[in-house]
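Reading the structure
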Amino acid sequence: PLSRLCMRRVFRWSEAERPPILTARSARREYPALPFEVIWEERGVRMRFRGEMSPADILNANLAFYADERSDRARYQILDCLEVTSLSDDPQGYEETMVTLAAMDNGAALSLGPVKVAMVAVQNEDIALFGRYSDVSSDIDSDWPTRVFGERGSARAWIAPTLAP
């Protein structure tokens, strides 16, 4: 499909490295567990990453957010990286992904309005990665506030005012 072709060109994946892209047909097949989980909550989403995180994992989690109609009502995203053990060795891939995500989110802000983006992480590599996303978002004047937290409770306290009716 076109999406695989585009993603392979952007991230320069070989066919063997390409992560599975889930469709209704492929969901019936046996695949290894994905290194991320998209957990929908009443007014937002928590994306939980675990194990080794790659640029494709981050992009696919974000694409899963936008593919779901609940994203139209979302007021926050929590990127939970507390279970990430390492980042794959692909600095250029991460750079391209952070720029792509910041641009996607900025475009989505036109229809979704402000969405708070909280990252929960303790590893310096994860924090630096999200810092790059925040820098790019700031450079393009994104309306989505971003912040890094060391624990889930602090992130939830920060998004709490957004949940008031």
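Please refer to the structure placed before this passage.
Structure report, in brief.

**Some details on the overall build of the protein**
When its secondary structure is counted, the protein shows five helices and five strands. What you see in the protein, going N to C, is helices and strands ordered as α-β-β-α-β-α-β-α-β-α. Scored against the burial criterion, the 165 residues of the protein give a buried share of 42%. For the protein, the share of sequence-separated contacts (at least 6 apart) that also reach a separation of at least 24 residues comes to 75%. For the protein, the computed accessible surface area is about 9000 Å², with 53% contributed by carbon and sulfur atoms.

**Points about the pairing of strand E2 (residues 44–53)**
A large share of E2 lies buried, amounting to seven of its ten residues. Here five bridges tie strand E1 (residues 36–40) to E2, and the two strands are oriented antiparallel to one another. The partner of Val38 across the bridge, within E2, is Met47. When E2 meets strand E3 (residues 76–87), the two strands line up parallel, connected through nine bridges. Residue pairing across strands places Gly51 opposite Val84, the latter belonging to E3. Regarding topology, helix H2 (residues 55–67) serves as the crossover connection from E2 to the parallel E3, and that connection is right-handed.

**Details of the sheet that holds E3**
With mixed pairing, five strands are arranged side by side in an open sheet as E1-E2-E3-E4-E5. Of all the strands in the sheet, just E1 and strand E5 (146–149) have a single pairing partner and so form its edges. Ignoring strand direction, the axes of neighbouring strands in this sheet form an average angle of 15°. Those strands touched by helix H4 (residues 124–139) are E2, E3, strand E4 (116–120) and E5, and its axis lies near 170° from that of E5.

**Describing unusual backbone geometry**
What is expected of a backbone is that most residues other than glycine have negative phi and most peptide bonds are trans. Of note, the phi angle at Asp141 is positive, near 60°, even though the residue is not glycine. With respect to the element layout, Asp141 can be found in the loop between H4 and E5.

**Quick notes on the packing of aromatic side chains**
Taken as a whole, this structure holds five aromatic pairs when the rule is applied. Arranged with centres 5.0 Å apart and planes meeting at 70°, the rings of Phe65 and Tyr66 form a pair that is edge-to-face. One aromatic cluster in this structure is built from Trp40, Phe65 and Tyr66. We note Lys116 situated over the ring of Trp158; from NZ or CZ to the ring centre the distance is 4.7 Å.

**What to know about a negative patch on the surface**
A surface patch of negative charge is lined by Asp135, Asp139, Asp141 and Asp143. Counting through the fold element by element, Asp139 comes out in helix H4.

So, how was this worked out
Residues numbered from 1 in each chain as written. Predicted model: local features only at pLDDT ≥ 70, side-chain atom pairs only at ≥ 80, totals over all residues. Heavy atoms only, no water. Helix = DSSP H or I, 4+ residues; strand = E, 2+ residues; numbered from the N terminus. Buried < 20%, exposed > 50% of the residue type's maximum accessible area, 1.4 Å probe, protein only. Contact = heavy atoms within 4.5 Å. Areas by Shrake-Rupley, 256 points an atom, 1.4 Å probe, with all protein chains shown as cover. Pairing = 2+ DSSP bridges. Right-handed = clockwise from strand over helix to strand, strands pointing away. Axes fitted to C-alpha atoms, helices over the stretch in contact; angles between N-to-C directions. Phe/Tyr/Trp six-rings, centres within 6.5 Å; stacked < 30°, edge-to-face > 60°. Lys NZ or Arg CZ within 6 Å of the ring centre and 35° of its normal. Patch = residues over 30% accessible without salt bridge, like charges linked within 9 Å, V, L, I, M, F, W, Y side chains within 5 Å. Salt bridge = Lys/Arg side-chain N within 4 Å of Asp/Glu carboxyl O. Lys, Arg positive; Asp, Glu negative; His and termini not counted. Charge placed at Lys NZ, Arg CZ, Asp CG, Glu CD.

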